[in-house]
Amino acid sequence: MHDIKLIMLDMDGTLFTDDKRITEKTMCCLKQLKSLGIFIGIATGRPTFNVKRTIQTYKLDEIVDFVVGLNGVEVANLNRDTIDYQDQMTCDMAIEIAHKIKDTDMNMITYTPECAYARFDEPRVHRLCKNLQLPLKLYDYSEDTRTWNKVLVMRNEPYTKEECDFLLSINNNRYHGFITDVDCFEIVNANVSKASGIKAI
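First things first, this report covers the structure right here in the doc. (Residues numbered from 1 in each chain as written. Predicted model: local features only at pLDDT ≥ 70, side-chain atom pairs only at ≥ 80, totals over all residues. Heavy atoms only, no water.)

1. Looking at the overall build of the protein chain
Okay, step 1: For the protein chain, the count of helices and strands is six helices and 11 strands.
Okay, step 2: Scaling as 2.2 N^0.38, a compact globule of 201 residues should have a C-alpha radius of gyration of about 17 Å, and the protein chain matches this with 18 Å.
Okay, step 3: On the principal axes, the C-alpha backbone points of the protein chain span a range of 55 × 30 × 30 Å.
Okay, step 4: Taken over 201 residues, the protein chain has a buried fraction of 46%.
Okay, step 5: Considering only contacts within the protein chain whose residues lie at least 6 apart along the sequence, 61% involve residues at least 24 apart.
Okay, step 6: With the model as given, the accessible surface of the protein chain reaches about 10600 Å², and the carbon-plus-sulfur share is 53%.
Okay, step 7: The distance from the centre of the 25 positive side-chain charges to the centre of the 30 negative ones in the protein chain is 4 Å. (Helix = DSSP H or I, 4+ residues; strand = E, 2+ residues; numbered from the N terminus. Rg over C-alpha atoms; globule rule 2.2 N^0.38 Å. Buried < 20%, exposed > 50% of the residue type's maximum accessible area, 1.4 Å probe, protein only. Contact = heavy atoms within 4.5 Å. Areas by Shrake-Rupley, 256 points an atom, 1.4 Å probe, with all protein chains shown as cover. Lys, Arg positive; Asp, Glu negative; His and termini not counted. Charge placed at Lys NZ, Arg CZ, Asp CG, Glu CD.)

Right under this line is the structure:
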């Protein structure tokens, strides 16, 4: 055990049970690992600002050292309260994605720690905003000038197989996406993954 320097955990279904609890056994194990001088990190698709709130809620402030957020887009050092690594998408990538889905009913969503932005208003977006505790602002991506951590392509109904194939065809050598829910496709820079975030640590 003394050769292990860092342990990374996913959140949903790993650190947390299906009913969003941390068992007493898990908490005791984490505290024991910390007492041995082992760093603890979380690697997740959630944004870092959301993970930090969750860590405070579950009283993990003194346990978790690092967060690999947004599936590897950003790496945070919680001991220093810094973002040590970030690999964002450029505005021309967002414009290109918006053009590819403009004739569909698929919504396009991005967000910052302060606000969520969407192509149009719909219930699925409001559920996301509620989970992230962010206000919603409608946004025209055809004239985008910002950089984004990732782009979400969502809709109110589950994607069909044909629609999943279409979304996967968007992938190229600059950015890539993956289905993360029946109604959600997440797009990040091509070189980004949880593994790349862990490597950055």
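2. Structural notes on the layout of surface pockets
A water-sized probe rolled over the atoms picks out the places where empty space is left.
Okay, step 1: Within this model, the largest pocket holds a volume of roughly 740 Å³.
Okay, step 2: Asp12, Arg46, Leu128, Asn131 and Glu186 are, among the 28 residues lining the largest pocket, the residues nearest its centre.
Okay, step 3: Residue assignment for the lining of the largest pocket shows that the elements contributing at least two residues are helix H2 (48-57), helix H4 (123-132), strand S9 (151-154), strand S10 (175-181) and strand S11 (184-189).
Okay, step 4: With six residues, the top contributor of residues to the lining of the largest pocket is H4.
Okay, step 5: When its residues are assigned to classes, the lining of the largest pocket shows seven nonpolar, nine polar and 12 charged.
Okay, step 6: Around the second largest pocket, the lining is made up of 17 residues, and of these Thr48, Phe49, Glu74, Ile83 and Pro113 lie nearest the centre.
Okay, step 7: Its residues assigned to classes, the lining of the second largest pocket shows eight nonpolar, six polar and three charged. (1 Å grid on protein atoms, 1.4 Å probe; cavity = no way out; pocket = protein on both sides within 12 Å on 5 of 7 lines; lining within 4 Å. Points joined across faces, edges and corners; volume = space filled by probe spheres on them. Nonpolar A, V, L, I, M, F, W, Y, C, P; charged D, E, K, R; others polar.)

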